[in-house]
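Reading the structure
If you want the building blocks of each chain, they are given just below.
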Amino acid sequence: MVQHRFVSIGECMIEMSGGEDRQYRLGYAGDTLNTAWYMRALLGADWSVDYFTALGADKYSSDIKAFLEANQIGTSHIRTVPDRRPGLYMIHQADGDRHFTYWRDTSAAKLLADDKDVLAKAVAGASMVYFSGITLAILAPRARGRLLGAIVRARDNGAKIVFDTNLRPALWTSPRVMAGVLTAAASLCDIVLPTHGDEAPLFGDKNVDETADRYLELGVEEVVVKDGAGDALIATANERVRIAPQPGANVVDATGAGDSFNGAYLSARLAGRSLREAAEAAHRVARVVIGQKGALVDPKLVSL
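A short tour of the structure in this document, coming up.

Here is what the cut-offs are and how they apply
- Residues numbered from 1 in each chain as written.
- Predicted model: local features only at pLDDT ≥ 70, side-chain atom pairs only at ≥ 80, totals over all residues.
- Heavy atoms only, no water.
- Helix = DSSP H or I, 4+ residues; strand = E, 2+ residues; numbered from the N terminus.
- Rg over C-alpha atoms; globule rule 2.2 N^0.38 Å.
- Buried < 20%, exposed > 50% of the residue type's maximum accessible area, 1.4 Å probe, protein only.
- Contact = heavy atoms within 4.5 Å.
- Areas by Shrake-Rupley, 256 points an atom, 1.4 Å probe, with all protein chains shown as cover.
- Lys, Arg positive; Asp, Glu negative; His and termini not counted.
- Charge placed at Lys NZ, Arg CZ, Asp CG, Glu CD.
- Expected span 1.5 Å × (residues − 1).
- Pairing = 2+ DSSP bridges.
- Axes fitted to C-alpha atoms, helices over the stretch in contact; angles between N-to-C directions.
- Right-handed = clockwise from strand over helix to strand, strands pointing away.
- Core = buried A, V, L, I, M, F, W, Y, C linked by side-chain atoms within 4.5 Å.

This part is about the overall build of the chain. Looking only at helices and strands, the chain features 10 helices and 14 strands. Rg of the C-alpha trace for the chain: 18 Å, near the compact-globule value of 19 Å for 304 residues, within the 12% margin. Projecting the C-alpha coordinates of the chain onto the three principal axes gives extents of approximately 50 × 45 × 45 Å. Taken across its 304 residues, the chain has 51% of its residues classed as buried. Expressed as a percentage of contacts within the chain between residues at least 6 apart in sequence, the contacts between residues at least 24 apart total 68%. Of the roughly 13,600 Å² of accessible surface on the chain, 50% is carried by carbon and sulfur atoms. Where the 34 positive side-chain charges of the chain centre and where its 37 negative ones centre are 4 Å apart.

The structure is reproduced here in structure tokens:
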């Protein structure tokens with residue numbers, strides 16, 4: 001059997017959720033990890049799914065690796081930085097919504113692109129490489145350059161490059177830097193998955209079509225514009241498809257909705273589904289995810 005390889009690059013953090021009576025549940029999450037989780041759940045046995053990040057040499061780093069391996073997500077290329085630890089965040093409820101407090105200044109993942117050789121090996125032989133705006137935001141400028149250089153070489157060697165812009169203004173030094181880096185990164189990619197509501201304030205997009213047009217003009221082949229409860233727009237140079245999510249979803253926890261959408265969409269496309277079929281599958285999976293607590297739901301609950 002021919003083995004294809006999907007590589008997701010980013011930060012896996014320790015998540016503390018719950019908080020009722022000061023009792024918290026420990027879990028693991030991160031945008032690129034969430035997407036890798038759904039890729040593993042939905043791709044066939046002819047695909048391997050690897051996660052590339054940097055972790056420490058501590059118990060919690062070991063626990064993260066064990067968790068990934070137990071769920072058939074490869075860890076063999078993860079970089080170890082002995083004097084660093086995983087980032088951590090806590091979730092609390094206020095005013096009917098979830099709020100997040102982060103401790104990530106000394107996160108090992110911020111150094112994931114500091115070893116050029118490890119980075120090159122992590123993407124070598126990949127069929128598809130996936131990263132996000134958060135992946136870029138946590139890196140120092142030179143490290144961003146190393147990561148993008150490795151991604152260009154992976155594309156030159158035949159990999160499809162996929163990018164979720166995933167804007168997090170608090171992680172960037174300025175809106176100008178954020179816009180410039182995200183635009184430069186997108187120009188290297190085959191598929192870009194932006195969220196219109198996040199992009200509009202930064203780029204001035206009046207609607208989902210303007211968001212799609214901006215990325216198509218950079219040379220991106222396939223743009224998937226998410227819009228919350230609104231229609232998703234999938235655009236190529238020759239085709240535009242609008243797909244609405246099914247109404248009446250029971251929203252228990254919206255965490256990971258966009259990441260699961262991405263995983264389902266990409267899995268469907270890799271399985272040969274059309275733009276329309278892939279977007280419909282993505283909405284179905286996201287609907288299941290928002291009906292459960294947490295970003296990572298039981299793989300048995302989702303299907304294309």
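Structure's up, so let's keep going.
Another aspect to go through is unusual backbone geometry. Look at Gln 72: it is not a glycine, yet its phi comes out positive at around 60°. Inspection of the secondary structure puts Gln 72 in the loop between α2 (59–70) and β6 (79–80). We note that Asn 166 has phi near 35°; this positive angle belongs to a residue other than glycine. Within the fold, Asn 166 resides in the loop between β10 (160–164) and α6 (175–186).

Attention now goes to helix α10 (residues 275–290). In this model, α10 (16 residues) spans 23 Å end to end at C-alpha, consistent with the 22 Å of a helix rising 1.5 Å per residue. Among the residues of α10, those classed as buried are Leu 275, Ala 278, Ala 279, Ala 281, Ala 282, His 283, Val 285, Ala 286, Val 289 and Ile 290.

Turning to the pairing of strand β14 (residues 240–243), a few remarks are in order. Side chains Val 241 and Ile 243 of β14 all project onto a buried face; the interleaved residues Arg 240 and Arg 242 project onto a face where none is buried. The pairing of strand β13 (residues 232–235) with β14 spans 4 bridges and is antiparallel. Across the sheet, Ala 235 pairs through a bridge with Arg 240, a residue of β14. Hairpin connection from β13 to β14: 4 residues lie between these consecutive antiparallel strands.

Right, let's get into the side chain of Thr 255. Here Thr 255 shows up in the loop between β14 and α9 (257–270). With a relative accessible area of 15%, Thr 255 lands in the buried category. Not counting residues within four places of it along the chain, the set of residues in contact with Thr 255 comprises Arg 98, Val 289, Gly 294 and Ala 295.

Let us now look at the sheet that holds β13. Strand pairing in a sheet relies on backbone hydrogen bonds. The paired strands run either parallel or antiparallel. Strand order in the open sheet made by the 8 strands is β4-β1-β9-β10-β11-β12-β13-β14, with mixed pairing throughout. Only two strands of the sheet have a single neighbouring strand rather than two, namely β4 (47–52) and β14. Across the sheet, α10 touches β12 (222–225), β13 and β14, and the angle it forms with β14 is around 25°.

Time to look at the environment of Leu 43. The residue Leu 43 is located in the loop between α1 (31–42) and β4 in this model. Once the C-alpha coordinates of Leu 43 and Gln 292 are considered, the two residues, 249 residues apart in sequence, prove to be 21 Å apart. Filtering out sequence-adjacent residues up to four positions away, Leu 43 remains in contact with Val 49, Ser 267 and Leu 270.

For the rest of this paragraph, the subject is the pairing of β10. The element β10 is extensively covered by neighbouring structure, given that 4 of its 5 residues are classed as buried. Relative to β10, strand β9 (residues 128–132) runs parallel, the two being bridged by 5 bridges. Residue pairing in the sheet places Val 129 in a bridge with Ile 161 of β10. As paired elements, β10 and strand β11 (residues 191–192) share 2 bridges and run parallel to each other. Following the sheet pairing, Phe 163 is matched in β11 by Val 192. Crossover connection from β10 via α6 to parallel β11: handedness right-handed.

Counting 47 residues, the largest nonpolar core has Ile 9, Val 129, Phe 131, Leu 136, Leu 147, Ile 161 and Phe 163 as its most contacted members. Of the residues forming this core, the biggest block, 6 residues, is contributed by helix α5 (residues 141–156). Contacts of Val 129, omitting those with residues within four sequence positions, involve Val 7, Ile 9, Val 123, Ile 151, Ala 154, Ala 159, Lys 160, Ile 161 and Val 162. With 46 residues, the next largest nonpolar core counts Leu 68, Met 128, Tyr 130 and Val 302 among its residues.

These results come straight from atomic positions and should not be treated as a statement about function.
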